[in-house]
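Here is how the chains run, residue by residue.
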Amino acid sequence: KQWYQRRVRVPKVKAVGEDEVFKVLATGKRRKKTWKRMVTKVTFVGEEFTRKPPKYERFIRPMGLRFKKAHVTHPELKATFCLPMIGVKKNPNSPMYTQLGVITKGTVIEVNVSELGLVTTGGKVVWGKYAQVTNHPENDGCINAVLLV
């Protein structure tokens, strides 16, 4: 077991299949080409993200399913904070979901904790920390996570 699974209650993760995450889009004049996929789960894209031209874009991530903030609970303080996300560290379902920024239950995300004022033993301010998603964001409309301390 991982070091963080012993200290924080980590949810059991149900495998999410590709047919559940992606919707096949038919393109072309006769709707014959089926190489495009639309992501149907919550995703995270960075601040400097720009889309490819629609003709060449293979994976479409809708604007309505893009999230920038997460409700992160600190297990020792027993308090919840709305923190901006930095990125998706690991999605346990698939490396491809990690690369695309798909967020499902059990995904480890990186959040900006600079506003919490956490300080290391050396006196430096902690900037980013990892948190694990504890809910199904596509059902709830928000991302709830537990800080991995």
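Since this is a predicted model, take the numbers as computed values, not measurements.

Parameters and conventions
Throughout this document, residue positions are counted from 1 along each chain, in the order its sequence is written. Side-chain atom pairs in this predicted model are given and counted only at pLDDT of 80 or more, local residue features only at pLDDT of at least 70, and totals for whole chains, interfaces and linings cover all residues. Side-chain numbers here rest on the full set of heavy atoms in the structure, without hydrogens or water. What makes a nonpolar core is a set of buried Ala, Val, Leu, Ile, Met, Phe, Trp, Tyr and Cys residues whose side-chain atoms join them at distances within 4.5 Å. Here's how the labels work: a residue is buried when its accessible area is under 20% of the maximum for its type, exposed when over 50%, partly exposed in between, all with a 1.4 Å probe on protein chains only. Numbered from the N terminus, helices here are DSSP runs of H or I no shorter than four residues, and strands are runs of E no shorter than two. Whether two residues are in contact is decided by their heavy atoms, any of which lying within 4.5 Å being enough. Here the rule is simple: two strands pair whenever DSSP picks up at least two bridges between them. An axis is simply a line fitted to the C-alpha atoms; with a helix, the fit covers only the stretch in contact. Between two such axes, the angle follows the N-to-C directions and lies from 0 to 180 degrees. For this document, the term salt bridge refers to a Lys or Arg side-chain nitrogen within 4 Å of an Asp or Glu carboxyl oxygen. Stacked, tilted and edge-to-face are the three classes applied to pairs of Phe, Tyr and Trp rings, where Trp contributes its six-membered ring and a pair requires centres within 6.5 Å; stacked means planes under 30 degrees apart, edge-to-face means over 60, and tilted covers the rest.

Asker: Break down the nonpolar core for me, with residues and values.
Answerer: Counting residues in each nonpolar core, the largest one holds 19 residues, and the members touching the most others are Val72, Met85, Ile103, Ile109, Val111 and Ile143. Among the elements of the structure, β4 (69-74), β5 (79-90), β6 (108-112), β7 (128-133) and β8 (144-147) are those that each provide at least two residues to this core. The dominant element in this core, judged by the number of residues it contributes, is β5, at three residues. In this structure, valine 111 is in contact with Val72, Leu83, Pro84, Met85, Ile86, Trp127, Gly128, Lys129, Ala131 and Leu147, ignoring residues within four places of it in sequence. If you look at the next biggest cluster of nonpolar residues, it comprises seven residues, including Val21, Phe22, Leu100 and Val102.

Asker: Residue-level account of the sheet that holds strand β3 (residues 59-60), with values.
Answerer: The three strands are arranged β1-β2-β3 in an open sheet whose pairing can be described as mixed. At either margin of the open sheet sits one strand with a lone partner, and together these are β1 (22-27) and β3. Here strand β2 (residues 33-39) pairs with β3 via two bridges, running parallel. Each residue of the ladder has a partner; that of methionine 38, found in β3, is isoleucine 60.

Asker: Could you give me a rundown of the sheet that holds β5, with the residues and numbers involved?
Answerer: One closed barrel accounts for five strands, arranged β4-β5-β6-β7-β8; its pairing is mixed. Neighbouring strand axes in the sheet, compared pairwise and without regard to direction, differ in orientation by 50° on average. Two elements, β5 and β6, share four bridges in a ladder whose sense is antiparallel. Residue pairing in the sheet places methionine 85 in a bridge with valine 111 of β6.

Asker: Explain the pattern of salt bridges to me, using residue names and the numbers behind them.
Answerer: Inspection of the entire model under this criterion finds three salt bridges. Here lysine 41 ties to glutamate 20 by a salt bridge, and the two come within 3.1 Å at their closest N and O atoms. Of this pair, lysine 41 sits in the loop between β2 and β3 while glutamate 20 is found in helix α2 (residues 18-21), placing the two residues 21 residues apart along the sequence. Residue classification places lysine 41 among the buried residues on the basis of a relative accessible area of 6%. Between lysine 41 and glutamate 138 there is a salt bridge; the shortest N-O distance is 3.1 Å.

Asker: Describe the packing of aromatic side chains, naming the residues involved and giving the relevant values.
Answerer: Inspection of the entire model under this criterion finds two aromatic pairs. A ring pair is formed by phenylalanine 22 and phenylalanine 59, whose centres lie 5.3 Å apart and whose planes are at 40°; its orientation type is tilted. One end of the pair, phenylalanine 22, is in strand β1; the other, phenylalanine 59, is in strand β3, and 37 residues separate them in sequence. Judged by its relative accessible area of 21%, phenylalanine 59 falls in the partly exposed class. When the ring of phenylalanine 22 is compared with that of tyrosine 97, the centres are 6.0 Å apart and the planes differ by 70°; the resulting orientation is edge-to-face. Of this pair, phenylalanine 22 sits in strand β1 while tyrosine 97 is found in helix α3 (residues 95-100), placing the two residues 75 residues apart along the sequence. Tyrosine 97 shares its class with phenylalanine 22; the two are buried. Taken together through their ring pairs, the aromatic side chains of Phe22, Phe59 and Tyr97 make up a single cluster.

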